[in-house]
Amino acid sequence: MKKSGKILVVVFSVIAVLAAFSAVIYTGAKNAVHPKESISLDAEQKKELAGYLDSMYPERTSIALSALPYKVKADLPSVKCGSAIIIDTRTGSILYEKNADEEIPPASMTKLVEMYVVYQAVENGEVSLDDEVPLPPESWARNLPADASRMYLDEGQHVTLRELLLGLAIASGNDASIAVANYVCGNMDDFVDRMNKVVSDMGLTKTHFVESSGYSELNLTTAREFATFARQYVNKYPETLELYHSQPSITYPQRQNLPDSLKNSATVNSVKQMNTNRLLDTIQGCDGLKTGFIYESGYNISVTAQQNGTRFLSVTMQGPGSSTQEGNRYRVQDNKALFDFAFSNFADYTSDMAEKKHEFTLGVLGGSEKAVCLVPLYDESLTVPFMFGNSPTESASEVKAWASIPDVLYGEVKKGEVYGTLKYTLSGTTLREVPLVADRDIEKGNIFSRFFGSIEYALISKFLKKE
């Protein structure tokens with residue numbers, strides 16, 4: 001073969017090799033931009049990731065309430081009480097507030113914190129709801145102040161912890177409160193210490209208790225802080241709403257509660273008491289929570305209701321009224337206005353309403369692995385204003401999520417680091433932005449991986465991103 005022919009063979013061979021090399025590089029780059037395989041974590045790995053993100057971003061577990069990230073255009077409600085707030089229990093968004101930081105005695109709303117402590121003790125295995133609770137003399141109804149609410153406990157009765165919680169929630173019994181505190185901790189002082197630890201651990205600095213029933217004016221809280229607590233109570237122990245707070249009445253004592261010497265008596269002097277929360281029959285979906293009144297606080301109430309999957313919670317304090325009947329009328333009037341406002345103008349959006357899961361597989365060049373998943377850093381729930389359709393619920397169903405992410409990543413990837421953003425919009429209005437973070441660590445690849453990866457990365461930057 002002539003020399004010129006050999007040169008041509010070499011040239012064509014080099015061209016063929018370069019073409020093959022370019023095709024491989026191009027294909028690799030294209031596959032990096034459009035990964036085909038799903039690499040989602042399994043349940044155990046997701047749990048580990050959540051724990052890691054909680055430690056890396058403490059705000060993920062914060063229970064602080066927050067203002068809506070957009071301006072409310074609806075007419076605000078008018079209430080007669082001195083202090084008020086209504087929130088979304090899922091998102092912690094504040095829909096309306098009035099003097100929400102004024103320190104006021106919570107009165108018998110205090111009993112919600114008592115019930116929270118009891119449920120903690122049950123979780124810890126310290127007590128059982130079916131335990132029979134001994135009744136010390138200070139818990140007998142006859143030994144309470146004349147104006148104290150009571151369940152009508154008496155000497156020698158047989159009553160379970162579960163029944164006492166009903167007495168707390170429905171009749172607001174101060175006698176039940178004393179019996180519960182003494183049973184769980186042995187004395188009132190230690191029980192109150194646990195109540196104060198609960199609210200302190202929640203970061204509530206203006207809430208403090210000196211006894212468990214709410215009878216003392218030295219117990220203090222604010223509407224904002226009590227709403228923060230009540231939201232945690234409802235979210236952590238939702239079963240208490242059906243078991244206790246939504247029950248219409250309590251009749252006590254019944255025959256099984258009587259002292260042994262009286263169980264065979266012909267009659268039982270039972271007292272039927274209706275739930276002190278009059279909103280249960282007034283607001284659709286209302287299933288809690290608790291009223292409170294002492295002269296120093298006025299007429300207080302914490303209320304929660306759920307409609308179409310959205311739950312709101314209100315706290316109103318310093319309600320006016322010269323009698324129980326008048327105080328109840330104003331409590332109903334104020335909270336009906338608050339919940340009418342909330343349910344007419346807002347609904348929840350959750351990730352379950354999305355057309356597809358907001359998890360994005362992103363190619364990685366020059367790394368020890370080929371791809372990574374980007375996941376939302378925070379819970380995707382948000383409070384949606386009524387801007388579209390025929391109802392707030394329909395409006396929430398039209399929320400769209402838009403991901404802003406790079407075409408591809410190069411080299412090392414760190415778990416929990418932000419690599420993109422998820423934006424939620426409705427009718428052109430941005431409702432929220434959530435960072436997208438890597439769900440795993442990826443180390444730098446070897447020298448060859450990094451070399452070819454850098455070429456692919458350059459190719460993507462110039463050509464492939466236009467496809």
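Residues numbered from 1 in each chain as written. Predicted model: local features only at pLDDT ≥ 70, side-chain atom pairs only at ≥ 80, totals over all residues. Heavy atoms only, no water.

J.: So what exactly am I meant to see when it comes to helix α6 (residues 188-201) here?
T.: Each α-helix winds once per 3.6 residues, and so residues spaced three or four apart point in a common direction. The first and last C-alpha atoms of α6 sit 20 Å apart over 14 residues, in line with the 20 Å expected at 1.5 Å per residue. Turning to α6, its buried residues are Met-188, Phe-191, Val-192, Met-195, Asn-196, Val-198 and Val-199. The buried side chains of α6 occupy one side of the element, clustering within an arc of 150 degrees when seen end-on. Looking at α6, the residues exposed on the side facing more than 90 degrees away from the buried face are Asp-189, Lys-197 and Asp-201. Those residues of α6 that are buried lie in contact with α3 (110-123), α5 (174-185) and α7 (223-236). You can read the cap of α6 off the contacts: a side-chain oxygen lies 3.2 Å from the backbone nitrogen of Asp-189, and it is on Asn-187. (Helix = DSSP H or I, 4+ residues; strand = E, 2+ residues; numbered from the N terminus. Expected span 1.5 Å × (residues − 1). Buried < 20%, exposed > 50% of the residue type's maximum accessible area, 1.4 Å probe, protein only. Arc of directions from axis to C-beta. Contact = heavy atoms within 4.5 Å. Polar contact = N/O pair within 3.5 Å; in protein donor to acceptor, adjacent residues only side chain to side chain.)

J.: Explanation requested: helix α9 (residues 324-345) in the structure shown.
T.: With 22 residues, α9 extends 31 Å between its outermost C-alpha atoms, agreeing within 8% with the 32 Å of an ideal straight helix rising 1.5 Å per residue. Every buried residue of α9 is listed here: Gly-327, Asn-328, Arg-331, Val-332, Asp-334, Asn-335, Leu-338, Phe-339, Phe-341, Ala-342, Phe-343 and Asn-345.

J.: Can you walk me through the environment of Lys-206 in this structure?
T.: With respect to the helices and strands, Lys-206 occurs in the loop between α6 and α7. What makes Lys-206 partly exposed here is its relative accessible area of 33%. The spacing of Lys-206 and Glu-225 is 19 residues in sequence and 7.3 Å in space, taken between C-alpha atoms. The contact partners of Lys-206, leaving out residues within four places of it in the chain, are Asp-101, Glu-103, Leu-220, Thr-221, Thr-222 and Glu-225.

J.: How do you make sense of a negative patch on the surface when you look at a structure like this?
T.: On the surface, Glu-369, Glu-412, Asp-441 and Glu-443 cluster together into a negatively charged patch. Following the sequence through the fold, Glu-443 ends up in the loop between β16 (429-438) and α11 (447-462). (Patch = residues over 30% accessible without salt bridge, like charges linked within 9 Å, V, L, I, M, F, W, Y side chains within 5 Å. Areas by Shrake-Rupley, 256 points an atom, 1.4 Å probe, with all protein chains shown as cover. Salt bridge = Lys/Arg side-chain N within 4 Å of Asp/Glu carboxyl O. Lys, Arg positive; Asp, Glu negative; His and termini not counted. Charge placed at Lys NZ, Arg CZ, Asp CG, Glu CD.)

J.: It is not clear to me how the confidence of the model for the protein should be interpreted in this structure. Could you clarify?
T.: For residues with low pLDDT, the predicted coordinates do not support detailed interpretation. On average, residues of the protein score 90 in pLDDT, and 87% of them reach the 70 mark or higher. Long-range and interchain partners of residues 8-27, a stretch whose pLDDT sits below 50, account for eleven contacts in this model, where long-range means more than four residues apart. (pLDDT = per-residue confidence, 0-100.)

J.: What exactly am I supposed to notice about the sheet that holds strand β6 (residues 286-294) here?
T.: In sheet architecture, strand pairing relies on hydrogen bonds along the backbone and comes in two forms, parallel and antiparallel. Reading across from one edge, β1-β3-β2-β8-β7-β6 is the order of the six strands in this open sheet, with mixed pairing throughout. Edge positions in the sheet fall to β1 (66-67) and β6, since each of these pairs with one other strand and no more. Across eight bridges, β6 lies against strand β7 (residues 298-307) in antiparallel orientation. What sits directly across from Lys-290, in β7, is Ser-302. (Pairing = 2+ DSSP bridges.)

J.: Explanation requested: the nonpolar core in the structure shown.
T.: Proteins that are soluble and globular tend to have nonpolar side chains buried together. Membership of the largest hydrophobic core comes to 65 residues, with the highest contact counts inside it found for Ile-85, Leu-164, Phe-229, Tyr-233 and Val-315. Considering each element in turn, this core owes the most residues, eight residues, to α3. Counting residues in each nonpolar core, the second largest holds 45 residues, with Leu-68, Phe-312, Ala-347 and Leu-374 among its members. (Core = buried A, V, L, I, M, F, W, Y, C linked by side-chain atoms within 4.5 Å.)

J.: So what exactly am I meant to see when it comes to the packing of aromatic side chains here?
T.: Geometrically, a pair of aromatic rings is defined through the distance of the ring centres and the angle of the planes. Tallying each qualifying case throughout the model produces 14 aromatic pairs. With a centroid separation of 6.4 Å and an interplanar angle of 45 degrees, the aromatic rings of Tyr-116 and Tyr-233 are classed as tilted. With Tyr-116 in helix α3 and Tyr-233 in helix α7, this residue pair connects regions lying 117 residues apart in the sequence. With respect to burial, Tyr-116 and Tyr-233 carry one shared label: buried. Centre to centre, the rings of Tyr-119 and Tyr-244 are 6.4 Å apart; their planes meet at 80 degrees, and the pair counts as edge-to-face. Separated by 125 residues along the polypeptide, Tyr-119 in helix α3 and Tyr-244 in helix α8 (residues 239-245) bring together distant segments of the chain. Tyr-244 matches Tyr-119 in its accessibility class, with the two residues each being buried. For the cation-ring pair, Arg-329 lies above Tyr-330, with the distance from its terminal atom to the ring centre recorded as 5.7 Å. The positively charged end of Lys-415 is found above the aromatic ring belonging to Tyr-52, 4.5 Å away from the centroid. (Phe/Tyr/Trp six-rings, centres within 6.5 Å; stacked < 30°, edge-to-face > 60°. Lys NZ or Arg CZ within 6 Å of the ring centre and 35° of its normal.)

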